[in-house]
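One-letter residues, chain by chain:
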Amino acid sequence: MTAKIYRPAKTAMQSGKAKSLDWVLEFEQEKPRSIDPMMGYTSSADMKSQIRMTFETRDAAVAYATRNGIAYRVDEPKESKRRRVAYSDNFRFDRRQPWTH
């Protein structure tokens, strides 16, 4: 029973970071998923894979795992590099690619 502690990336559908600031503790799969032959649904007998707990800080998640004797691994988040771009840069004189419609 190993848990993974990580901070999720922001969704590609929105520009905000609402659900990406908390740390998440999820259990890794112990048993593989199986496909139901009649309906085609994917199912699993592993109930711990449904548990997802959120914490405000990384240390709180690690403290919970150690307090309850859960083996864990921490995946550090990768910060994205943001380039500041202004709208007026589209019309600059020294633009690398010519402006076309």
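Within an unreviewed UniProt entry, the label attached to the chain reads ETC complex I subunit, and the organism entered is Hoeflea alexandrii. According to UniProt, the comment filed for the chain under the heading Subcellular location (unreviewed entry) is "Membrane".

Caption draft 1: Representation of the confidence of the model for the chain. Overall, the predicted model of the chain reaches an average pLDDT of 87, with 97% of residues at or above 70. By mean pLDDT, strand 4 (residues 42–43) is the weakest element of the chain at 86, and helix 1 (residues 58–67) is the strongest at 96.

Caption draft 2: Summary view of the environment of lysine 10. Relative to the assigned elements, lysine 10 resides in the loop between strand 1 (2–6) and strand 2 (23–27). Look at lysine 10 and you get partly exposed, because its relative accessible area is 37%. Considered as a pair, lysine 10 and leucine 21 are 11 residues apart in the sequence and their alpha carbons are 8.7 Å apart. Apart from residues lying up to four places away in sequence, lysine 10 is in contact with Ser15, Gly16, Lys17 and Ser20.

Caption draft 3: Expanded view of a nonpolar patch on the surface. Side chains of Met38, Met39 and Tyr41 sit close together on the surface and give an oily, nonpolar patch of about 420 Å² of accessible area. Looking at the element boundaries, tyrosine 41 is found in the loop between strand 3 (34–35) and strand 4.

Caption draft 4: Structural view of the pairing of strand 2. Within strand 2, four of the five residues are buried, which leaves the element mostly enclosed by the surrounding structure. Two elements, strand 1 and strand 2, share four bridges in a ladder whose sense is antiparallel. Bridging from a neighbouring strand, isoleucine 5 pairs with leucine 25 of strand 2.

What counts, and at which threshold
Residues numbered from 1 in each chain as written. Predicted model: local features only at pLDDT ≥ 70, side-chain atom pairs only at ≥ 80, totals over all residues. Heavy atoms only, no water. UniProt positions renumbered as here; feature names shortened; annotations may be inferred. pLDDT = per-residue confidence, 0-100. Helix = DSSP H or I, 4+ residues; strand = E, 2+ residues; numbered from the N terminus. Buried < 20%, exposed > 50% of the residue type's maximum accessible area, 1.4 Å probe, protein only. Contact = heavy atoms within 4.5 Å. Patch = residues over 30% accessible without salt bridge, like charges linked within 9 Å, V, L, I, M, F, W, Y side chains within 5 Å. Areas by Shrake-Rupley, 256 points an atom, 1.4 Å probe, with all protein chains shown as cover. Salt bridge = Lys/Arg side-chain N within 4 Å of Asp/Glu carboxyl O. Pairing = 2+ DSSP bridges.

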